[in-house]
Amino acid sequence: MHLFPYRLFILTLLFSISSCIDSKKKDNSETAIHDTELTQNNPKLCCEKSKAQLIISQSPTSRSNTYLNTVSDCLNKEVKDSMVLIKGGTFLMGSSDSKMALKREFPQHKVKVSTFYMDVHEVTNAQFSEFVNATGYKTVAEKPVNWEVLRKQLPPNTPKPDDEFLQAGSMVFYIKKEITSLVDFSQWWQWVKGASWKQPLGPNSTIEGKENYPVIHICYTDAIAYSKWCGKRLPTEAEWEWAARGGLKNKIYPWGDEFLSEAQDNCNYWTGTFPTLNTASDGFEGLAPVMHYPANGYGLYDMAGNVWEICSDWYDDRYYSIFNNKQIVLNPKGPSTWHYPMEPFDPKRAMRGGSFLCNKSYCSSYRVSARMPYSQDTGMSHAGFRCVKSM
């Protein structure tokens, strides 16, 4: 269940927040990247949001702006509820770019995936609404936290928090015009009681007018429930990366090696100075409707930016190290369980693709090889999913 609200309670019992430093201070050498993979002040780990670190110090009555308030009136495109046939093949999974990638993306290894179908875009609010209306399903974010389940994910003898911290809710991205430092990212993330997929900012917010936007505040079990309902499943990391590459070989992004193509933005990302100013030069300050940006070579939209996409694999930063480049791994499904030393009791899944919060000078996780640990029972305002189907 949600660990995050509890960590509000135990901030001083765990450790001080130190997650992100100015990217100008980072060492881009491969050695430095590998050595700093699990250090808390690595700028490339800014979106991992270890819930023990994401302790929100803001007042519930904060007047901070949120980039989910923006409603686009420019979307007139047809949103297709369809899938694309992704023909199987062999590729080098992982990164060859030591300047931008993290240790978790190395070494590259040969992977062969079978043919499958993938959703042409991320699951939308409209699609998820159909599921909820048909089944009466309630997401994890809409349910109170079960302490008996939660305490098994925490260190032994951890005291129970007040009931206030066990109410239903989710993590919402906020922005203040001024921040004290880039170390304390609790300044722009807040646990909001009542926030969920249909109330993305909390009580009194709505998804009306955002039917074609990706559904957010979704946990792993929510994504599984939806995918089973429609006869699909979540992609493996290998399937996701093969599809994201769109037929290109060993490229950084779904469209090639250059971040901008013909001086146009290829995805929804953070433009400006993160996290205090978003210029919206890519067309949006926050989430964008699906299919707004160009598709990749396979006809898939938003394989970079917009929202992180949940995969079926457990997350283990060491997983790639078991492979060598000589053998071909057939349809890997990830490690047998999770491994994440910063939060060893909190089950982690892998997610891919980056989000609207990614910035080239800050984390650049919209690269096709980028991987991120995801607390499988925590909803966030920049996490969604898409489905696949086996042949």
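Residues numbered from 1 in each chain as written. Predicted model: local features only at pLDDT ≥ 70, side-chain atom pairs only at ≥ 80, totals over all residues. Heavy atoms only, no water.

Caption draft 1: Representation of empty space enclosed by the protein in the model. For the structure shown, the criterion picks out seven cavities of 30 Å³ or more. As a volume, the largest cavity reaches approximately 60 Å³. Grouping the amino acids of the lining of the largest cavity by side-chain chemistry returns eight nonpolar, one polar and one charged. (1 Å grid on protein atoms, 1.4 Å probe; cavity = no way out; pocket = protein on both sides within 12 Å on 5 of 7 lines; lining within 4 Å. Points joined across faces, edges and corners; volume = space filled by probe spheres on them. Nonpolar A, V, L, I, M, F, W, Y, C, P; charged D, E, K, R; others polar.)

Caption draft 2: Up close: unusual backbone geometry. With an omega of -10 degrees, the peptide bond running from F106 to P107 counts as cis. If you trace the backbone, P107 turns up in the loop between β2 (89-93) and β3 (109-113). In this model, N204 sits at a positive phi of 75 degrees, which is unusual for a non-glycine residue. Within the secondary structure layout, N204 lies in the loop between β6 (189-193) and α6 (220-229). N204 gets classed as exposed once you look at its relative accessible area, which sits at 83%. Here the phi dihedral of N306 falls at roughly 70 degrees; this positive angle occurs in a residue that is not glycine. (Helix = DSSP H or I, 4+ residues; strand = E, 2+ residues; numbered from the N terminus. Buried < 20%, exposed > 50% of the residue type's maximum accessible area, 1.4 Å probe, protein only.)

Caption draft 3: Here's a closer look at the pattern of salt bridges. Using the criterion set out here, one finds 15 salt bridges in the structure. In this structure, E237 and R352 form a salt bridge, with 2.7 Å as the shortest nitrogen-oxygen distance. Here E237, found in helix α7 (residues 237-245), pairs with R352, found in strand β11 (residues 348-352); they are 115 residues apart in sequence, far enough to count as distant. Judged by relative accessible area, E237 falls into the buried class, the value being 1%. (Salt bridge = Lys/Arg side-chain N within 4 Å of Asp/Glu carboxyl O.)

Caption draft 4: Focus on the layout of surface pockets. Roughly 180 Å³ of internal volume is contained in the second largest pocket. Taken together, 13 residues make up the lining of the second largest pocket; nearest its centre are R233, T236, E239, K333 and S390. When the residues that make up the lining of the second largest pocket are grouped by side-chain class, the tally is four nonpolar, six polar and three charged.

Caption draft 5: Spatial organisation of the nonpolar core. Counting 50 residues, the largest nonpolar core has F128, I218 and F385 as its most contacted members. Looking at this core, the elements with two or more residues in it are α4 (125-135), β5 (169-173), β6, α6, β9 (308-314) and β12 (371-375). With sequence-adjacent residues up to four places away left out, F385 is seen in contact with E122, V123, F128, V215, I218, A223, Y226, L234, W308, E309 and I310. One finds M93, V111, Y320 and V368 within the second-largest nonpolar core, a separate group that totals 23 residues. (Core = buried A, V, L, I, M, F, W, Y, C linked by side-chain atoms within 4.5 Å. Contact = heavy atoms within 4.5 Å.)

Caption draft 6: Molecular detail of the side chain of H217. One can find H217 in the loop between β6 and α6. From its side chain, H217 meets the backbone oxygen of P200 in a polar contact 2.9 Å long. (Polar contact = N/O pair within 3.5 Å; in protein donor to acceptor, adjacent residues only side chain to side chain.)

Caption draft 7: How the structure looks around the packing of α4 against α6. The contact between α4 and α6 brings their axes to 11 Å, and the two run at 80 degrees. One element, α4, and the other, α6, form an angle in the roughly perpendicular class. Contact residues: Q127, F128, E130, F131, A134 and T135 in α4; D222, A225, Y226 and W229 in α6. Within the contact of α4 with α6, the residues separate by chemical class into six nonpolar, two polar and two charged. (Axes fitted to C-alpha atoms, helices over the stretch in contact; angles between N-to-C directions. Parallel < 35°, antiparallel > 145°, perpendicular 65-115°, else oblique.)

Caption draft 8: A look at the sheet that holds β2. Read from one edge to the other, the open sheet built from three strands follows the order β2-β3-β10, with strand pairing classed as mixed. A single partner strand is all that each edge strand has here, and the edge strands are β2 and β10 (328-330). Each strand axis lies, on average, 35 degrees off the axis of its neighbour in the sheet, ignoring direction. In this sheet, β3 lies alongside β2 in antiparallel orientation, the contact comprising five bridges. Considered in β3, the bridge of T90 is made with K112. Against the sheet, α7 contacts β2 and β3, and its axis sits at roughly 95 degrees relative to β2. (Pairing = 2+ DSSP bridges.)

Caption draft 9: Spatial organisation of the state of the cysteines. Taken as a whole and assessed by the stated rule, the structure comprises zero disulfides. Left without a disulfide partner, C267 is nearest to the cysteine sulfur of C358, which lies 8.4 Å away. The class for C267 is buried, based on a relative accessible area of 1%. C358 gets classed as buried once you look at its relative accessible area, which sits at 0%. (Disulfide = S-S within 2.5 Å.)

Caption draft 10: Summary view of the side chain of R349. Looking at the secondary structure, you find R349 in strand β11. Notably, R349 is buried but unbridged: the nearest opposite-charge side chain belongs to D313, and the N-O separation is 7.1 Å. A polar side-chain atom of R349 sits 2.9 Å from a polar atom in the side chain of Q376. R349 has contacts with Y220, C311, S312, D313, W314, Y315, M372, P373, Y374 and Q376, leaving out every residue within four places of it along the chain. (Lys, Arg positive; Asp, Glu negative; His and termini not counted.)

Caption draft 11: A look at the pairing of β6. In terms of burial, β6 is largely enclosed, as four of its five residues are buried. Note: β5 against β6, five bridges, orientation antiparallel. Pairing of M171 across the sheet is with W191, part of β6.

Caption draft 12: Expanded view of the environment of D317. Structurally, the position occupied by D317 is in the loop between β9 and β10. For D317, a relative accessible area of 11% puts it in the buried group. Between the C-alpha atoms of D317 and L102, which are 215 residues apart in sequence, the distance is 9.5 Å. Among the polar contacts listed, one links the side chain of D317 to the side chain of H339, at a separation of 3.1 Å.

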